[in-house]
Amino acid sequence: MAVEELQSIIKKCQILGEQDFKEEDFGQFQLAGQRCIEEGHIDQLLEIIQNEKNKVIIKNMGWNLVGPVVRCLLRNDKEGDERKVYFLMLDLLVQLCNPKELLLGLLELIEEPSGKQISQIILLLLQPLQTVIQKLHNKAYSVGLALSTLWSQLSLLPVPYSKEQIQTDDYGLCQCCKALIEFTKPFVEEVIDDKENSLEDENEKLKDELLKFCFKSLKCPLMMAQFLEQFEEAGNDPLRYFASEIIGFLSAIGYPFSKMIFNHGRKKRTWDYLEFEEEEDKQLADSMASLAYLVFVQGISVDQLPMVLSPLYLLQFNMGHIEVFLQRTEESVIPKGLDLLENGLLRIEDNSLLHQYLEIKSFLTVPQGLVKVMTLCPIETLRKKSLAMLQLYINKLDSQGKYTLFRCLLNTSNHSGVEAFIIQNIKNQIDISLKGTHNNKWFTGPQLISLLDLVLCLPEGAETDLLQNSDRIMASLNLLRYLVIKDNENDNQTGLWTELGKIENNFLKPLHTGLNMSKAHYEAEIKNSQENIRKTKDLCSITVGGEDLPNMPPEMQLKVLHSALFTFDLIESVLARVEELIEIKTKSTSEENIGIK
């Protein structure tokens, strides 16, 4: 019935000119053709498509059959011979139908699915789509529309994270990336071949569309992608292959990555595609960061970089890209910023990074970004790596640079553990200065005293939460103890002894008062908790420092309170030792002075 109905419509249209086809003819042809497919009359339908007499009809109306044919192929419930007929039918429709209508029809089909079907339909339709675009005159627009649609769909697929996920490729992203390279290559080659063509304007437009696609690909999936580390596996890594080809495309169409990396962010650019840079600056920043990582860390096409570039020059240009990575929160992105930073810092000698570099915004925002990862990232390995990178960064700075960074982080970190880490570094620099043959003015004398004013104090005086700030307080006390031991009052290289009165008033006395208040408060809470244990075994809550501890069994709360009290006792014992040392040193110096007289 469906076949007869389709043949009837075709006979009617055969006597008409294509300009006389009506909208109802298109609708009837589509419905009848779809019914032929649904009822399994595919051999008869194939004959109709192959019939030379129907060439004009198929050219104008046949594109309506592509959707039903593609959906049958995606169902995977057809026998081998039947699938071959469907593939032959699809090939014929691609060859015979109006390419403009086909382009829109194919892109609509690509946009339809979700989940794992996204990769299935892309892999099925890339070759037909490429064939259709090759027939069109306005190629730049068609290529841009196709690549944009394909990228939008691919960006919905999860990026495989582990070696196992890359190998299994459950969602087909790796296969699609490889196929997309093959899809794009002819258009890249066309740009190369047409460089001396008279159609220069059209060639530039096609180049622009390819450039946009490369930038988008650098951001997704490559910014999120993980790469196989072992050399023997790297050659089989589909995402690494995709990255290499994308970078190759950039060079081939006249935008070598070295040119882009070293001119991105400059006020005056030496490459001419300015409009795109200003138009999508945020996306470009992500893409350029991804490109920098691929080149410098993964070593893709790194041999194309000029050998004359100094390590400091490379670090300066990569700091902005590192900042982009560290601003992200994805588990797969943060390590790339850390690796790119490590790659740059390891090329530089210790103490050689001049303090003037800290006048560049990214040289301060990157260590602040490391602090955020150290304190907020839920993944322990990344927190530890960030700490190691911050220490490496500190090691590379000259003395004034270290001094400036310490002041900055003490003022901005708002985290007791980070502040303790910085204070320990200050102690290390003082130790180097006192042992050195030449005087370092940044960690001795007046400059050091200015830094110690930030360290040897309590943020809120005696009211400071000592438990929350215990790491910082212990580090400060240990630094003070070190200074008292190492710097004699007569030498006073650090300036400590002239500032001792201020240190006692701003730090030691308020700390004594705070300890007495805190210990009294916690001892009272321990007494209350012990009463609760005797009275009930139910969950209960207590208030410490104005905040409720979470509900927990009384025995556990008692352990928490005893732990806090132990911390206060530890602080108090170090404080007592510091005051004892000050008294001994002061007394000894007084006796020496009397003896001299």
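Anyway, here's the lowdown on the structure attached to this text. (Residues numbered from 1 in each chain as written. Predicted model: local features only at pLDDT ≥ 70, side-chain atom pairs only at ≥ 80, totals over all residues. Heavy atoms only, no water.)

On inspection of all chains with the given rule, the structure shows 9 aromatic pairs. With a centroid separation of 5.6 Å and 65° between ring planes, the pair formed by Phe183 and Phe187 is classed as edge-to-face. Taken together, the residues span about one helical turn, with Phe183 and Phe187 both in helix 11 (residues 173-193) at a distance of 4 residues. The exposure class of Phe187 is buried, given its relative accessible area of 0%. Here the basic side chain of Lys116 rests over the ring of Tyr171, its NZ or CZ set 5.5 Å away from the ring centre. Over the aromatic face of Tyr482 sits the side chain of Lys427, whose NZ or CZ is 5.0 Å from the ring centroid. (Phe/Tyr/Trp six-rings, centres within 6.5 Å; stacked < 30°, edge-to-face > 60°. Helix = DSSP H or I, 4+ residues; strand = E, 2+ residues; numbered from the N terminus. Buried < 20%, exposed > 50% of the residue type's maximum accessible area, 1.4 Å probe, protein only. Lys NZ or Arg CZ within 6 Å of the ring centre and 35° of its normal.)

The next thing to look at is the side chain of Gln226. With respect to the helices and strands, Gln226 occurs in the loop between helix 12 (200-219) and helix 13 (231-234). Within the structure, the side chain of Gln226 is placed 3.1 Å from the backbone oxygen of Ser332, a separation counted as a polar contact. (Polar contact = N/O pair within 3.5 Å; in protein donor to acceptor, adjacent residues only side chain to side chain.)

Before going further, it helps to examine the environment of Leu206. Along the polypeptide, Leu206 turns up in helix 12. Counting along the chain gives 67 residues from Leu206 to Lys139, while the straight-line C-alpha distance between them is 7.1 Å. Beyond its immediate sequence surroundings of up to four residues, Leu206 is in contact with Ala140, Val143, Phe187, Glu190 and Val191. (Contact = heavy atoms within 4.5 Å.)

Tracing the chain through its elements places Leu126 in helix 8 (residues 117-135). Once the C-alpha coordinates of Leu126 and Ala179 are considered, the two residues, 53 residues apart in sequence, prove to be 7.6 Å apart. Once residues within four sequence positions are removed from consideration, Leu126 is found in contact with Leu150, Ala179, Leu180 and Phe183.

Our focus in this paragraph is the packing of helix 19 (residues 334-345) against helix 21 (residues 380-396). For the pair helix 19 and helix 21, interaxial distance at closest approach is 10 Å and the crossing angle is 25°. The angle between helix 19 and helix 21 falls in the class roughly parallel. Classified by chirality, the crossing of helix 21 by helix 19 is left-handed. Touching Ile334, Pro335, Leu338, Asp339, Leu341, Glu342 and Leu345 of helix 19 are Leu382, Lys385, Ser386, Met389, Leu392, Tyr393 and Lys396, all from helix 21. Its residues assigned to classes, the contact of helix 19 with helix 21 comprises 9 nonpolar, 1 polar and 4 charged. (Axes fitted to C-alpha atoms, helices over the stretch in contact; angles between N-to-C directions. Parallel < 35°, antiparallel > 145°, perpendicular 65-115°, else oblique. Left-handed = near helix turned anticlockwise from the far one by under 90°. Nonpolar A, V, L, I, M, F, W, Y, C, P; charged D, E, K, R; others polar.)

Residue Pro221 is reached from Cys220 by a cis peptide bond, and omega for that bond is 15°. Within the secondary structure, Pro221 sits in the loop between helix 12 and helix 13.

Moving on, we get to the pattern of salt bridges. Here the idea is simple: oppositely charged side chains can pair when their charged atoms come close. Scanning all chains against the criterion turns up 19 salt bridges. For Lys384, the salt bridge is made with Glu380, and the minimal N-O distance between the two is 3.2 Å. In this pair, Lys384 and Glu380 both sit in helix 21, 4 residues apart, roughly one turn of the helix. A salt bridge links Asp431 to Lys435; the shortest N-O distance between them is 3.0 Å. (Salt bridge = Lys/Arg side-chain N within 4 Å of Asp/Glu carboxyl O.)

A word on the packing of helix 11 against helix 12. At their nearest, the axes of helix 11 and helix 12 sit 10 Å apart, and the two run at 150° to each other. On the basis of their axis angle, the class for helix 11 and helix 12 is roughly antiparallel. Remark: the crossing between helix 11 and helix 12 carries left-handed chirality. Of the residues in helix 12, those touching helix 11 at Leu180, Thr184, Phe187, Val188, Glu190 and Val191 are Asn203, Leu206, Lys207, Leu210 and Phe213. Residue composition of the contact of helix 11 with helix 12, grouped by class: 7 nonpolar, 2 polar and 2 charged.

On to the side chain of Asn492. With respect to the helices and strands, the residue Asn492 is situated in the loop between helix 25 (470-486) and helix 26 (500-535). Beyond its immediate stretch of four places on either side in the chain, Asn492 contacts Asp487, Trp497 and Thr498.

Now for helix 22 (residues 399-412). Counted at 1.5 Å a residue, the expected span for helix 22 with its 14 residues is 20 Å, and the 20 Å between its end C-alpha atoms agrees. Of all the positions in helix 22, only Gly401, Lys402, Tyr403, Leu405, Phe406, Cys408, Leu409 and Leu410 are classed as buried. Asn414, located one to two residues past helix 22, shows a positive phi value of around 55°. (Expected span 1.5 Å × (residues − 1).)

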